[in-house]
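Architecture and fold: a report
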Amino acid sequence: QVQLVESGGGLVQAGGSLRLSCATSGRTFSNYAVGWFRQARGKEREFVAAVSRSSGRIFYADFVKGRFTISRDNAKNTVYLQMNSLKPEDTAVYYCAAARTVGTIRNQYDYWGQGTQVTVSS
């Protein structure tokens, strides 16, 4: 079992930055790929970014390329999502999730955190 806890969300003005963290207490964290997804009010949950177990493979949704950076520190059992140049349309609840293999499909991910709210004001 892998338990994930997101943090770092909040309210920021357009053009600002936030860094989200996804921490786990699982001892086998390095065995899992980790993805970030987001869900805006009234919309489906969508893929944002993902990193493989060793950080050798990284994927981004087109709408965050050049603005968001995903990274992981296996020694700290933590994955980060650095979000720059935030836009009002980035407003959503952001979730991290763990899977055996890296990918962009929601159903690939077996374990999910509770989410952290990101609100970008115009």
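Owing to the predicted nature of the structure, the values given are computational and were not obtained by experimental measurement.

Topic: the overall build of the chain
On a plain count of helices and strands, the chain comes out with 0 helices and 11 strands. Moving toward the C terminus, one meets the helices and strands of the chain in the order β-β-β-β-β-β-β-β-β-β-β. Whereas a compact globule of 122 residues would reach a radius of gyration of roughly 14 Å, the chain reaches 13 Å, a difference of no more than 12%. Principal axes of the C-alpha set define a box for the chain whose edges measure 40 × 25 × 25 Å. Across the 122 residues in the chain, those meeting the buried criterion constitute 43%. For the chain, the proportion of contacts with a sequence separation of at least 24, taken over those separated by at least 6, is 56%. Total accessible area computed for the chain in this model is approximately 6,400 Å², and 43% of it derives from carbon and sulfur atoms. A gap of 5 Å separates the mean positions of the 15 positive and 8 negative side-chain charges of the chain.

Some words on the sheet that holds strand 7 (residues 68–73)
Think of a sheet as strands paired side by side through backbone hydrogen bonds, with each pair either parallel or antiparallel. Spatially, 4 strands are ordered 1-3-8-7 in an open sheet, and the strand pairing comes out antiparallel. Taken across any chain shown, the strands that pair with only one partner, and hence form the sheet edges, are strand 1 (4–7) and strand 7. Put simply, the sheet's adjacent strands are angled 15° from each other on average, direction ignored. Bridge analysis of strand 1 against strand 3 (residues 18–24) gives 4 bridges, and the strand direction is antiparallel. Within strand 3, the position partnered with S7 by the bridge is S21.

Some details on the pairing of strand 7
Of the two faces of strand 7, only the one carrying F68, I70 and R72 is buried; T69, S71 and D73 on the other face are not. Pairing of strand 7 with strand 8 (residues 78–83) involves 6 bridges; the strand directions are antiparallel. The partner of S71 across the bridge, within strand 8, is Y80. Between strand 7 and strand 8, which pair antiparallel and follow one another directly, the connecting turn spans 4 residues, one of which, N77, has a positive phi of 55°.

The rules we used
Residues numbered from 1 in each chain as written. Predicted model: local features only at pLDDT ≥ 70, side-chain atom pairs only at ≥ 80, totals over all residues. Heavy atoms only, no water. Helix = DSSP H or I, 4+ residues; strand = E, 2+ residues; numbered from the N terminus. Rg over C-alpha atoms; globule rule 2.2 N^0.38 Å. Buried < 20%, exposed > 50% of the residue type's maximum accessible area, 1.4 Å probe, protein only. Contact = heavy atoms within 4.5 Å. Areas by Shrake-Rupley, 256 points an atom, 1.4 Å probe, with all protein chains shown as cover. Lys, Arg positive; Asp, Glu negative; His and termini not counted. Charge placed at Lys NZ, Arg CZ, Asp CG, Glu CD. Pairing = 2+ DSSP bridges. Axes fitted to C-alpha atoms, helices over the stretch in contact; angles between N-to-C directions.

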